[in-house]
Amino acid sequence: MDTKSHAPRALDPFDRAILRIIQRDNKTPQRAIAEAVNLSAAAVQRRIAAMELAGVIASNVAIVDPASVSLTITSIVEVFLRDERSATVDATKALFRNAPEVQQCYYVTGGTSFVLIIVTRDMRTYEAVTRRLFSENDFVKSFRTLVALDRVKTEPTVIIE
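Residues numbered from 1 in each chain as written. Predicted model: local features only at pLDDT ≥ 70, side-chain atom pairs only at ≥ 80, totals over all residues. Heavy atoms only, no water.

As a further point, take helix 1 (residues 13-24). One full turn of an α-helix is made of 3.6 residues, so residues set three or four places apart face in the same direction. When the terminal C-alpha atoms of helix 1 are compared, their 17 Å separation across 12 residues agrees well with the 16 Å that a helix rising 1.5 Å per residue should span. Looking at helix 1, one finds that the buried residues are Asp 15, Ala 17, Ile 18, Leu 19, Ile 21 and Ile 22. Tucked inside the fold, the buried residues of helix 1 contact helix 2 (30-37) and helix 3 (41-54). Capping the start of helix 1 is the job of one residue whose side-chain oxygen sits 3.0 Å from the backbone nitrogen of Phe 14: Asp 12. (Helix = DSSP H or I, 4+ residues; strand = E, 2+ residues; numbered from the N terminus. Expected span 1.5 Å × (residues − 1). Buried < 20%, exposed > 50% of the residue type's maximum accessible area, 1.4 Å probe, protein only. Contact = heavy atoms within 4.5 Å. Polar contact = N/O pair within 3.5 Å; in protein donor to acceptor, adjacent residues only side chain to side chain.)

Okay, structure coming up:
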């Protein structure tokens, strides 16, 4: 169950400085963050908790290198739906959201319906994923795959001004 309130929260310069630090390494000790932003460790702790509650900090996760767990194929996939009715889009979003191979999913404009980032062990596994998500899906008209030759930049950070 999601306990975050997602209430709008105005970020002040201290919050933004804290976010810059923990976005690079969320295991940075709060006392080190406090020293860097000129606050007490208790104030840093309260601010982080408030940003988590407000949904500013969406999650705290470990980012795993796909190659280290034998996920060697990264594919960028454009998906074209048969129609853009709400029921079609919602069902497709749910399918993609629940597919463990889908690392990222974007509902987009410009003629393409979705852009997905999919990671798989090998091409045989990728083919099975495409059958399950696209070929056997009556909502999907077609799809186009771009296989990444190199993961040049995959930073999950956002610009905090």
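With antiparallel pairing, the four strands of this open sheet are ordered in space as 2-3-1-4. Where the open sheet ends on each side, the last strands, each with one partner, are strand 2 (102-107) and strand 4 (140-147). In this sheet, adjacent strand axes meet at a mean angle of 20° when their direction is disregarded. Pairing analysis gives seven bridges linking strand 1 (residues 73-81) to strand 4, with the strands arranged antiparallel. Counted as the bridge partner of Val 77 is Thr 145 from strand 4. Where helix 4 (residues 86-97) meets the sheet, it contacts strand 1, strand 2 and strand 3 (114-120), and its direction lies at approximately 20° from that of strand 3. (Pairing = 2+ DSSP bridges. Axes fitted to C-alpha atoms, helices over the stretch in contact; angles between N-to-C directions.)

Within the structure shown, the criterion is met by six salt bridges. Asp 12 serves as the salt-bridge partner of Arg 47, at 2.9 Å between the closest nitrogen and oxygen. Note that Arg 47 is positioned in helix 3 and Asp 12 in the segment before helix 1, a separation of 35 residues in sequence. For Asp 12, a relative accessible area of 26% translates into the label partly exposed. With its nearest N and O atoms 3.2 Å apart, the salt bridge here joins Arg 144 to Glu 78. Here Arg 144 is found in strand 4, whereas its partner Glu 78 is found in strand 1, with 66 residues between them in sequence. One connected set of salt bridges, linked through shared partners, spans Asp 12, Asp 15 and Arg 47. (Salt bridge = Lys/Arg side-chain N within 4 Å of Asp/Glu carboxyl O.)

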